[in-house]
Structure formats: structure tokens, C-alpha cells
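Fold and geometry: a report
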Amino acid sequence: MKIRCGLIGFGTVGSGVYTLLQKHRTDIYKKTGVDIELVTICDVRDIKDKVNVPVTGSWQDVVNDASIDVVIELIGGIEPAKTIILSALNAGKSVVTANKKLLAESGNDIFTASQKAKGALAFEAAIGGGIPCVAALRNGLVGNAIQSVVGILNGTTNYILTRMAEDGMSFDEALKLAQAKGYAEADPTFDIEGFDAAHKIALLSMLAYNVRVSMQNIYIEGITKITSLDIKYAHEMGYTIKLLGVSRMVDDKLDIRLQPVMIPFTHPLASVRNEFNAVMYNGDMTGAVTLYGKGAGSLPTASAVVSDVVSIAQKQNGIKDSVYIANDAQYLSSDDRMLRYYVRLHTEDRAGILSKISGVFASYNISIASVIQKEVNAPYVPLVITTHAAREAAMHKAKQDIEQFNFVNGQVMVIPIEDFNSTGE
Ligand code: NDP
Ligand code: HSE
């Protein structure tokens, strides 16, 4: 079925929604049964040369268009965003928004209106950018009583802290870079003083504990007072400094705060770097569940907006969310699978052995990255070799050949090395 959308705000996130739909509209339809049509795009700027969709400068054109099912509000701020959302809900439309400031500071009227409205209100994009942390809470973890929510909830500040810690950058340099990458809010004070992340921990707490949370009751402290020296001293003690939203129920009382916190290097959130965000829910049934991903930026946030549109359309139109299978998978062959390897063997310690072993690798076009031989007083010494990316089939053959040498004792241990970087690639 077709769902007709009006998009208001063609900035960082709005343009991401447009790009995403240009690329994936057909696939989304095949996977979900929902065909998302952008009927009109509204922005105060002149954008007609950037899109192949009718444009307007007046949001009323979108809200008053009877043919539009879903209004996507992506202008940010309180007004006119609030009026737009309320008008759209009153007009029987559904609303998708990324506007955490509005929902956290002034959401009561909107939540009340959405309860009475025919349409739905969805705001996955308001928290954690591309991370489906609202869906996880409302669907995946619905069988739990949530006991705590802890998160790195602002991409800009996490990016700044990472650059300061890893590159010795100044706060100002790192902020400029974060702005250039489109992570920061229009007014970056909201990021660096912690208000943006505080909005998000407030919204997550409302969803987690089903209580109304007012911003005045949240202790908020940003990162502007953190210096490189604090980061260095923290590192020396085995800690890293992160801007954390922390919210937990203590004897039915909400402990909620947003502040820079020192966490040990071993904590799962300590490895969350750059613009990445992570949310840790503690459910009474599941224990800790951590979600990690890009918490800001054009396309990650657009992904959350589009998922909201799809789920609204599916629910309202009773579309069965069945599994879409296009065809049989084609599999990568062992000859095409390229991996780095750790190879460990035990060998006699005498002249010419290393060259025979390296000769086997060379014959299969496997390039050696490092070699370590331990000096031990035993008939066989351990030899550890790592390789550059090599074909899996070639490595299997090399292993078999090396095991045939009479100077090699026992089997050769081969373990792939997956050099996942912090982006998960
Ligand atoms: P941008 O400032 O990049 O985009 C907003 C766009 O809306 C601008 O082009 C702006 O024009 C336009 N606009 C402002 N007022 C109106 C109006 N009355 N009518 C029509 N157009 C208007 O913001 P973002 O895309 O970054 O953010 C949008 C929302 O998404 C915000 O609520 C933000 O908090 C949220 N968000 C942003 C993320 C990000 O990574 N950037 C991530 C998650 C959420 P002009 O600039 O000329 O005012
Ligand atoms: N400015 C926000 C951030 C955008 O840096 O995380 C995502 O809400």
C-alpha cells in the first residue's frame, strides 16, 4: 500500500530521508508492503533544484493537504514545530519527528493529543540517531521491567571527547569538526552543555518507566569544563571520561542525571568512540542489553525516520509483517573469502626451516605479516605467524602442506583474524 508523506524541514536529516528513499524505496516496498511516497517537501530555503518532488515554503500546505497520511517534522525547535505536530494530529494525520527538544521540554500536549488522535506519533529518530532504541524498549524488551537506562546519547560530545583523548585536539577544534560533519545541533550549546542528551535520557526514561519526567528535575552538566588533563589523568587510572545519561529506579524514586562520568576501560560503553552512541538497558528478565550505533548524522537519523513511517503504515493498515524472501542466497566460495590468519605450529629449531615454511605460504600467494619464534629449551619451539588477507582455500592447502613436514610436530593451528574497526566494518 502507498503511504503519502509530507516532509517539513530539508536540512541534515530531511535531506537524508530524501536520499534514503531515492535509494531504497523499492526495496522497502518489497520487504514491508509499504510504498513511501514523498508528496511535498517544505523548507524555508529554496530547494526546488535539489529534489524532484513538489516543494513549498509554507508548512500549512503540507498539514492542510488532505491526501497526506504522514507529516514528517524535521525542522527542530519548539515553534512552529509544536503547532505543526498538533495541527497534523488534529487533522487526523500521523506524525514522525526527530525533535527531542520539543518532546522532552514540551511534549505533554503532544502526547495527550496523540492519545486522542486517529493518527500515531513516532519519534525513533529523536534518540540515538540510527539506533533503534525506542523500538527495542517498546517491542523487544516489552516483557521486562526496566531497572536502569545508561547511555552515551550525544554524537557531538562523544566525538569531541574522543578527538581530545586520541588526537590531543583542543575542545574548539574538535567541536568545529563535529559541526562540519553534521552531528551538532543548529545551536551546539545544546550538545556541549548536555541539554540534547538530557532530552534523550528524559524521553527514554518516560518510555522505560512510564512516568512523566520534567527537565527541571534532571541534573545536567556538559563537557565544557573537561580538559585534556582530566582525560589524561583518567586514562592513567584506567578510566575514560564519557558524557553519560544515567537513569535508574531506586525504591520507586527516579535517579536521573546527565553528566561527564569516569568509567573503567573494561566497561562496554568505554569503547564507544567518535559520533557513536550506545544505550544499555537493564531489564529484570534479560539483564543488560546494549545497543550501539551512529547516534547522529544525516543518513543514520533518516533510517530511524523511515522505520517509523513503515511501522505506522503497517499498523494502521493491518499489513502483515511477513518475511520477504527474494531468491536463494548465492554463497561466497572459500576461494573468494579473504581473511587474515594467525598460524601457530611447533617446529624443530634449526637452519632452513623458516624458509621452507615461508616457501609454502609464498607458493599459495599468502603474504606473511609477522613472525614470532619463542626461544625455549625444548625439542620443538612454538612459531607464530600472522598473514595479510589471504584466500581461505589457499590457507587450508598451506596448512596441510606444512603439517607434512617431518620437522613440524602435531597439527598447525589456524585462526582467522577479524580486524573489525570501531565502526563495525
Ligand atoms: P537542520 O537545521 O539541518 O534542518 C532544518 C531545516 O528546516 C533547515 O533547512 C531550516 O531552514 C528548515 N526550517 C526551519 N524552520 C522552518 C519552517 N518553519 N518551515 C520550513 N522549514 C524550516 O536540522 P537537522 O536536520 O539537523 O535537525 C532536524 C531535527 O532532527 C531536529 O529536531 C534535530 O534535533 C533532530 N535530529 C538531528 C540529528 C542530526 O544528526 N542532525 C540527529 C537526530 C535528531 P533554516 O536553516 O534556514 O532555518
Ligand atoms: N546533535 C545530536 C548529537 C544529533 O550530536 O548527537 C543527534 O540527536
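You'll find the structure just up there.
So, a few notes on the structure that sits alongside this text. Since the structure is predicted, the reported quantities are computational estimates derived from the model, not experimental observations. (Residues numbered from 1 in each chain as written. Chains lettered and ligands numbered in written order. Predicted model: local features only at pLDDT ≥ 70, side-chain atom pairs only at ≥ 80, totals over all residues. Heavy atoms only, no water.)

Looking at the site of ligand 2
The environment of ligand 2 is made up of Lys 100, Asn 154, Gly 155, Thr 156, Tyr 183, Ala 184, Glu 185, Asp 191, Asp 196, Lys 200, Gly 295 and Ala 296. Within the side chain of Asn 154, one N or O atom sits 3.4 Å away from an oxygen atom of ligand 2. Lys 200 has a polar side-chain atom sitting 2.7 Å from an oxygen atom of ligand 2. When ligand 2 sits alone it has 250 Å² of accessible area, and the protein chains cover 94% of it. Elements with a contribution of two residues or more to the shell around ligand 2: helix 7 (155–167) and helix 10 (195–209). Looking at the shell around ligand 2 residue by residue, the class counts come to three nonpolar, four polar and five charged. (Near = heavy atom within 4 Å. Polar contact = N/O pair within 3.5 Å; in protein donor to acceptor, adjacent residues only side chain to side chain. Areas by Shrake-Rupley, 256 points an atom, 1.4 Å probe, with all protein chains shown as cover. Helix = DSSP H or I, 4+ residues; strand = E, 2+ residues; numbered from the N terminus. Nonpolar A, V, L, I, M, F, W, Y, C, P; charged D, E, K, R; others polar.)

Quick notes on the site of ligand 1
Taken together, 22 residues lie near ligand 1, and Val 13, Asp 43, Arg 45, Glu 185 and Gly 297 sit nearest. With respect to ligand 1, the side chain of Arg 45 contributes an N or O atom lying 2.5 Å from an oxygen atom. The backbone of Gly 297 places a nitrogen or oxygen atom 2.6 Å from an oxygen atom of ligand 1. Protein contact buries 81% of the 880 Å² of open area that ligand 1 shows by itself. Here the residues of the shell around ligand 1 are counted per class, giving 10 nonpolar, eight polar and four charged.

Regarding the pairing of strand 15 (residues 381–387)
Counted residue by residue, strand 15 has seven buried out of seven residues, so it is predominantly covered. Judged from the six bridges that link them, strand 13 (residues 338–347) and strand 15 form a sheet pairing that is antiparallel. Looking at strand 15, one finds that Arg 344 is bridged to Val 384. Alignment of strand 14 (residues 368–373) against strand 15, held across five bridges, turns out to be antiparallel. The residue bridging Ser 370 from the neighbouring strand is Thr 386, located in strand 15. (Buried < 20%, exposed > 50% of the residue type's maximum accessible area, 1.4 Å probe, protein only. Pairing = 2+ DSSP bridges.)

With respect to the packing of aromatic side chains
Enumeration according to the criterion identifies six aromatic pairs in this entry. For the pair Phe 111 and Phe 123, a centre-to-centre distance of 6.1 Å together with 55 degrees between the ring planes defines the contact as tilted. Residue Phe 111 is found in helix 5 (residues 108–116), and its partner Phe 123 is found in the loop between strand 6 (121–122) and helix 6 (133–140); the two are separated by 12 residues along the sequence. Taking 5.6 Å as the distance between ring centres and 65 degrees as the angle between the ring planes, the aromatic pair formed by Tyr 159 and Tyr 183 counts as edge-to-face. Placement of Tyr 159 in helix 7 and of Tyr 183 in the loop between helix 8 (171–180) and helix 9 (189–192) is noted, with a sequence separation of 24 residues between them. This pair shows no difference in class: Tyr 159 is buried, exactly as Tyr 183 is. When the ring centre of Tyr 159 is taken as reference, the NZ or CZ atom of Arg 163 above it lies at 5.4 Å. (Phe/Tyr/Trp six-rings, centres within 6.5 Å; stacked < 30°, edge-to-face > 60°. Lys NZ or Arg CZ within 6 Å of the ring centre and 35° of its normal.)

Here's the deal with the environment of Val 310
Within the fold, Val 310 resides in helix 12 (residues 298–316). Accessibility expressed as a relative area gives 9% for Val 310, which makes it buried. Other than its neighbours up to four places away in sequence, Val 310 contacts Ile 28, Thr 32, Val 34 and Ile 36. (Contact = heavy atoms within 4.5 Å.)

What about the nonpolar core?
Membership of the largest hydrophobic core comes to 64 residues, with the highest contact counts inside it found for Ile 8, Ile 127, Cys 133, Val 149, Ile 160, Leu 204 and Tyr 281. Of all the elements, helix 10 adds the most residues to this core, at nine residues. With sequence-adjacent residues up to four places away left out, Val 149 is seen in contact with Ile 201, Leu 204, Ala 208, Tyr 209, Gly 245, Val 246, Ser 247, Val 279, Met 280 and Tyr 281. If you look at the next biggest cluster of nonpolar residues, it comprises 32 residues, including Ile 3, Leu 21, Ala 122 and Ala 304. (Core = buried A, V, L, I, M, F, W, Y, C linked by side-chain atoms within 4.5 Å.)

Some points on the packing of helix 7 against helix 11 (residues 228–236)
Relative placement of two packed helices is described by the angle separating their axes and the distance separating the axes. Interhelical geometry of helix 7 versus helix 11 gives an angle of 70 degrees and a closest axis separation of 10 Å. By the angle between their directions, the pair helix 7 and helix 11 is classed as roughly perpendicular. On helix 11, the residues that touch Leu 161, Met 164 and Ala 165 of helix 7 are Ser 228, Ile 231 and His 235. Along the lines of polarity and charge, the residues of the contact of helix 7 with helix 11 split into four nonpolar, two polar and no charged. (Axes fitted to C-alpha atoms, helices over the stretch in contact; angles between N-to-C directions. Parallel < 35°, antiparallel > 145°, perpendicular 65-115°, else oblique.)

Thoughts on helix 1 (residues 12–32)
Relative to the 30 Å expected for 21 residues at 1.5 Å per residue, helix 1 spans just 26 Å between its end C-alpha atoms, considerably shorter than the ideal helical length. The principal kink in helix 1, of about 65 degrees, is found at His 24. Residues of helix 1 that are buried include every one of Val 13, Gly 14, Gly 16, Val 17, Tyr 18, Leu 20, Leu 21, Ile 28 and Thr 32, and no others. Contact partners of the buried residues in helix 1: strand 1 (2–8), strand 2 (35–42) and helix 12. Phi turns positive, to about 80 degrees, at Gly 33, one or two residues after helix 1. (Expected span 1.5 Å × (residues − 1). Bend = angle between axes of the 7 residues up to and from the residue.)

Considerations on the pairing of strand 1
Along strand 1, five of the seven residues are buried, which leaves the element largely enclosed by surrounding structure. With seven bridges joining them, strand 1 and strand 2 adopt parallel strand pairing. Bridged to Arg 4 within strand 2 is Glu 37. Note that the unit made of strand 1, helix 1 and strand 2 has a crossover that is right-handed. Here strand 1 runs beside strand 4 (residues 70–73); their pairing, made up of four bridges, is parallel. Directly across from Cys 5, in strand 4, lies its bridge partner Val 70. (Right-handed = clockwise from strand over helix to strand, strands pointing away.)

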